[in-house]
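Inside the fold
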Amino acid sequence: MIVGVAGLVIQAPAAHAEDTVTYDIFSDSVGSLAGIEYRDTSGKHLLQDVSLPWTLTVPVVDATSPTANGAELRADWRPNFRTAATVGRVLLGHFVTVRISEGGSVLCESILDVGNATCYGSVPHTAENESSPGNLP
């Protein structure tokens, strides 16, 4: 019996400590968002009618995991009267930056003017700030 128990202990997967990430959303031309969706250790959360800039530091199971354990941030600033033509005219040049950082390192950053933006800790990405003049941190 001792041999069986020892075998189970050896085969057990190593525990992964939680990671801490910081979610940031900011803009120089958009003052509020219709919604923000983010993930922490307890799951996804939706906040509505959020003023910018917005920052939140939370624990996640594994910041760079491509599964439901990973860091995830979404911002939506599309108008209620949504048609492709309307959104394009109304939002053109109104950039919003979404960013996920861990320990001072940027995991993902996206700067868009299309009305919604996402970042995932599992998809490293850094936006080209030159494409969005005036929307620098």
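Each aromatic ring pair is described using two quantities: the centre-to-centre distance and the angle formed by the ring planes. For the structure on display, the rule yields 2 aromatic pairs. Consider the rings of Y23 and Y38, whose centres lie 6.0 Å apart with planes at 50°: the pair is tilted. In this pair, Y23 sits in strand 1 (residues 19-26) while Y38 sits in strand 2 (residues 32-40), placing the two residues 15 residues apart along the sequence. Take Y23 and Y38: they sit in the same class, and that class is buried.

Moving on, we come to the sheet that holds strand 6 (residues 96-102). The strand order across the open sheet formed by 4 strands is 4-1-6-7, and the pairing between neighbours is antiparallel. Looking at strand neighbours, the two that pair on one side only are strand 4 (54-60) and strand 7 (105-112), the edges of this open sheet. On average, adjacent strands in this sheet sit at an angle of 15° to one another, irrespective of strand direction.

Using the criterion set out here, one finds 7 salt bridges in the structure. For the salt bridge of E72 with R39, the shortest nitrogen-to-oxygen distance reads 3.0 Å. Remark: R39 occurs in strand 2 and E72 occurs in strand 5 (residues 72-76); sequence separation between them is 33 residues. One salt bridge in this structure joins R99 and E109, with 2.6 Å as the shortest N-O distance. Of the two residues, R99 sits in strand 6 while E109 sits in strand 7, which places them 10 residues apart along the sequence. Overall, the relative accessible area of 5% leaves E109 in the buried class.

What counts as what
Residues numbered from 1 in each chain as written. Predicted model: local features only at pLDDT ≥ 70, side-chain atom pairs only at ≥ 80, totals over all residues. Heavy atoms only, no water. Phe/Tyr/Trp six-rings, centres within 6.5 Å; stacked < 30°, edge-to-face > 60°. Helix = DSSP H or I, 4+ residues; strand = E, 2+ residues; numbered from the N terminus. Buried < 20%, exposed > 50% of the residue type's maximum accessible area, 1.4 Å probe, protein only. Pairing = 2+ DSSP bridges. Axes fitted to C-alpha atoms, helices over the stretch in contact; angles between N-to-C directions. Salt bridge = Lys/Arg side-chain N within 4 Å of Asp/Glu carboxyl O.

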